[in-house]
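Commentary on secondary and tertiary structure
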Amino acid sequence: MSIVTVQLGQCGNQIGHEVFSALCSDIRGTHGLCSQKENESYQDSCKERFFCQEESGVPVARAVLVDMEPKVISQTLSMAASSGHWRYNSHSHFCQKQGSGNNWANGYSVHGPRHKEAILNLVQKEAEKCDRLGGFFTIMSVAGGTGSGLGAFVTQCLRDAFPSSFILNHVIWPYGTGEVIVQNYNSVLTLAHLYHSADALLVHENDAIHKICAQLMKIKQISFPDVNQVIAHQLGSVFQPAHSAGGGSGYSRNPLGDLLEPLVPHPEFRLLGLRNIPQMPESSLPFSTFSWPGLLRHLRQMLIAKAQMEEGIDWQVRPPPPGSSMPSTNKPLHFNTSIANLVILRGKDVHSVDLGSFRDPSLYTSWLNPQDAFNAWKTPRAFNKYEKSASLVSNSQFLLKPLDSIVGKAWNMFASKAYLHQYTKFGIQEEDFLDCFTTLEQVISSYTNL
C-alpha cells in the first residue's frame, strides 16, 4: 500500500524533502548486510510506499507540497531534482505569493477555505496514482501560520474526503524559548483541531532534536538542515519496511494501519513519541560496536525515564513493583506509564534478540493486556549505515510535560486577552479558543491518570 505525503508550510516542506532524501539514500545503499533477495524485496517495498516509477527511471515522490509563499517550494523542488536520485512531480505543488504571517487564523480561516479545492484536487490526483492507498502522512509545524493553520484545515478536509483512510500527522513542537510571540496560541489551536481529525499525532520537539545535534552528532553550529536530517533519520527508521510479528515472510503491506492500530487503541490517546538509538556522526560509525542487549537496555530506560536520547538518562527511575496498584498520583516520580509501544529493530542478528523486558506489565496502564500493548517489527536489512539500530514509537506520557507547559503559557496570555485581536479579525472567536483549551485539558487529564 502507498502513502501520500502532504508537506505543509516551510517546516513541512523542508522536513519532507529530508525524509525522501533519507529514504532514497537508504534504498540505494549497498550496506544492507542481508541477502540480495531480501535487499531487493526491501527496495521494492519502500518504492511502492513512497515513490512512483516514471519512464525515466527516476523515482517520483508521492507527495503534495503546499505553502503560501513560493520560495521554499521552489528551493525544495530544485534540490530534489538536482540530486539525480529522486524528484517531486512538478505539478503536485500549490503556492501563493503571500504567507500567513505566523497567524493561525489567517491560515485556517482565510487561506484554507479559499484554496481548498485546488489543494484537494492535487491530493486526489496523487491518491489516484496509488494502486492501493494506505493513507496520508502530513508534515507540519504547530507554531507558525501556514503549516499549522492551513495544516489543521487541510487535515480536516482529508478526513472528510477520505473518511476510511489513515491519517498520521507529524508535528514539530516549537522551541521552548521560541521565535514567534503567539506560538503557544498557534500550538493550542493546531493540536486541538488535529486531535479531532487525525488518527494520531507523531511529535518531534525542536529542543530535543537540537540537543541530539549538539551532544550526539557533535555539530558545533546547528542549522535547520541539521535538525531536519535527524528528524528524517528517525522517521525513516520507522517507515522503512520491516517484518511484523505475525506478518509471515513478506514486508508489511499496510504501513500506516500496522503502525496505528496497535499504538492507538483508544481515541482519547493519540500522541506518539519517537526515540531512535544509536545516533552518532557518520565518521564515528566505523569505530563503534553495539550489542543488542546494550542498545535495548538503554532504549527501555529512555522509555521509563522519558529521556530524549541515550546520553544523560536517569537510571534511578524504576517501574513500580508488580502488583502495586498505586493510583497514578503515587507512581514513582518521573516514571513514564505507557499505553502501547512498538519497537523496530534493523540490522545484524535481529531474529535472536530478546524483547521480554518491554513486555513487563508494570510499564503499561492496567486497562490494556501487556500482550496487546507491546509489538515488535524486525528486519535483517540495516538502516542508513548503522549495523544495528532500534526505534521506539510510544503512546505514553512522553508529551505530558511539554503539552501542559504550552497550554499553561497560552492560557496566561488568553487570560489577559493578549494578541486576541489578531485572531478575531479572521473570525476565530474567544469561544473557539475555549473549546480548544477544553479539548487539550481533557487530553492532559487522561494521560495524567494513566
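Residues numbered from 1 in each chain as written. Predicted model: local features only at pLDDT ≥ 70, side-chain atom pairs only at ≥ 80, totals over all residues. Heavy atoms only, no water.

1. As for the pattern of salt bridges
- Inspection of the entire model under this criterion finds 7 salt bridges.
- Residue Arg381 is joined to Asp26 by a salt bridge in which the shortest nitrogen-to-oxygen separation is 3.3 Å. With Arg381 in the loop between strand E13 (374-379) and strand E14 (388-396) and Asp26 in helix H1 (residues 9-28), this pair connects stretches of sequence that are 355 residues apart. Residue Arg381 shares its accessibility class with Asp26, and that shared class is buried.
- A salt bridge links Glu387 to Lys348; its shortest N-O distance comes to 3.7 Å. Highlighted residues: Glu387 in the loop between E13 and E14 and Lys348 in the loop between strand E12 (338-347) and helix H11 (370-373), separated in sequence by 39 residues. (Salt bridge = Lys/Arg side-chain N within 4 Å of Asp/Glu carboxyl O. Helix = DSSP H or I, 4+ residues; strand = E, 2+ residues; numbered from the N terminus. Buried < 20%, exposed > 50% of the residue type's maximum accessible area, 1.4 Å probe, protein only.)

2. Looking at the domain arrangement of the chain
- According to the domain assignment, the chain contains domain 1 (2-272), domain 2 (282-397) and domain 3 (401-449).
- Computed from C-alpha atoms alone, the centre-to-centre distance between domain 1 and domain 3 is 26 Å.
- With 28 residues of domain 1 in contact, the opposing surface of domain 3 contributes 24 residues.
- Taken over both partners, the interface formed by domain 1 and domain 3 buries close to 2,400 Å², and the fraction arising from carbon and sulfur atoms is 74%.
- Summed over the three residues of domain 1 that lose the most area to domain 3, namely Asn184, Tyr185 and Val188, the buried surface amounts to 29% of that side.
- For the pair domain 1 and domain 3, the number of links is 0 salt bridges.
- Applying the counting rule to domain 1 against domain 3 returns 10 residue pairs in polar contact (both at pLDDT 80 or more). (Domains from an automatic or database assignment. Contact = heavy atoms within 4.5 Å. Buried area = accessible area lost by both parts, 1.4 Å probe. Polar contact = N/O pair within 3.5 Å; in protein donor to acceptor, adjacent residues only side chain to side chain.)

3. Focus: helix H3 (residues 70-83)
- In a regular helix each residue adds 1.5 Å, so 14 residues correspond to 20 Å; H3 covers 20 Å between its end C-alpha atoms and thus fits that length.
- Within H3, burial applies to Val72, Ile73, Thr76 and Ala80. Within H3, the buried residues cover an arc of 100° as seen down the axis, which keeps them to one side. Of the exposed residues in H3, those oriented more than 90 degrees away from the buried face are Lys71 and Ser82.
- Tucked inside the fold, the buried residues of H3 contact strand E1 (2-8), H1, strand E4 (63-67), strand E5 (87-88) and strand E6 (93-95).
- One or two residues past the end of H3 sits Gly84, with phi positive at roughly 80°. (Expected span 1.5 Å × (residues − 1). Arc of directions from axis to C-beta.)

4. Here's the deal with the packing of H1 against H3
- Between H1 and H3, the shortest axis-to-axis distance is 10 Å and the interhelical angle comes to 5°. Considering the angle they form, H1 stands roughly parallel to H3. Residues Gln10, Asn13, Gln14 and His17 of H1 lie in contact with H3, whose contacting residues are Val72, Ile73, Thr76, Met79 and Ala80.
- Of the residues in the contact of H1 with H3, the class split is 4 nonpolar, 5 polar and no charged. (Axes fitted to C-alpha atoms, helices over the stretch in contact; angles between N-to-C directions. Parallel < 35°, antiparallel > 145°, perpendicular 65-115°, else oblique. Nonpolar A, V, L, I, M, F, W, Y, C, P; charged D, E, K, R; others polar.)

5. Thoughts on the packing of helix H6 (residues 183-197) against helix H12 (residues 400-415)
- Where H6 contacts H12, the axes come no closer than 8 Å and their chain directions differ by 115°. As for the relative orientation of H6 and H12, their crossing is left-handed in sense. When H6 is examined against H12, the residues Asn184, Tyr185, Ser187, Val188 and Leu191 are found in contact with a partner set consisting of Leu403, Ile406, Val407, Lys409, Ala410, Met413 and Phe414. (Left-handed = near helix turned anticlockwise from the far one by under 90°.)

6. Observations concerning the state of the cysteines
- This structure, assessed with the given rule, holds 0 disulfides.
- For the unlinked cysteine Cys34, the closest cysteine sulfur is that of Cys46, found at 13 Å.
- Residue class for Cys34 comes out partly exposed when judged on its relative accessible area of 25%.
- With no disulfide of its own, Cys436 lies closest to Cys157 among cysteine sulfurs, the gap being 16 Å.
- Under the relative-accessibility criterion, Cys436 is labelled buried at 5%. (Disulfide = S-S within 2.5 Å.)

7. Some thoughts on the environment of Ala307
- Here Ala307 shows up in the loop between helix H10 (292-304) and E12.
- On a C-alpha basis, the gap between Ala307 and Ile181 in space is 28 Å, while along the polypeptide they are 126 residues apart.
- Residues contacting Ala307, with those up to four places away along its chain left out, are Arg275, Met302 and Ile313.

8. Regarding the sheet that holds strand E2 (residues 51-53)
- Ordered by their spatial adjacency, 3 strands build an open sheet running E2-E3-E5, and the pairing between neighbours is mixed. Each having just a single partner strand, E2 and E5 make up the two edges of the open sheet.
- Bridge analysis of E2 against strand E3 (residues 59-61) gives 3 bridges, and the strand direction is antiparallel. When the sheet's bridge partners are listed, Cys52 is paired in E3 with Val60. (Pairing = 2+ DSSP bridges.)

9. A closer look at the sheet that holds E12
- Taken in spatial order, the 11 strands make up an open sheet running E6-E4-E1-E7-E8-E9-E11-E14-E12-E13-E10, and their pairing is mixed. Strands with a single pairing partner mark the edges of an open sheet, and in this sheet they are E6 and strand E10 (243-244).
- As defined by bridge partners, strand E7 (residues 133-141) adjoins strand E8 (residues 166-173) across 7 bridges and the pair is classed as parallel. Note on E8: the bridge partner recorded for Phe137 is Leu168.
- The sheet strands contacting helix H7 (residues 206-215) are E8 and strand E9 (200-205), and the helix crosses E9 at an angle near 45°.

10. Looking at the pairing of E7
- With 8 of 9 residues buried, E7 lies mostly within the body of the structure.
- Looking at chain direction, E1 and E7 are connected through 6 bridges and run parallel. What sits directly across from Val6, in E7, is Thr138.
- With helix H5 (residues 146-161) bridging E7 and its parallel neighbour E8, the resulting β-α-β unit is right-handed. (Right-handed = clockwise from strand over helix to strand, strands pointing away.)

11. Quick look at the environment of Gln442
- Relative to the elements of secondary structure, Gln442 occurs in helix H14 (residues 430-448).
- Sequence spacing of Gln442 and Asn102 is 340 residues, and the spatial spacing of their C-alpha atoms is 27 Å.

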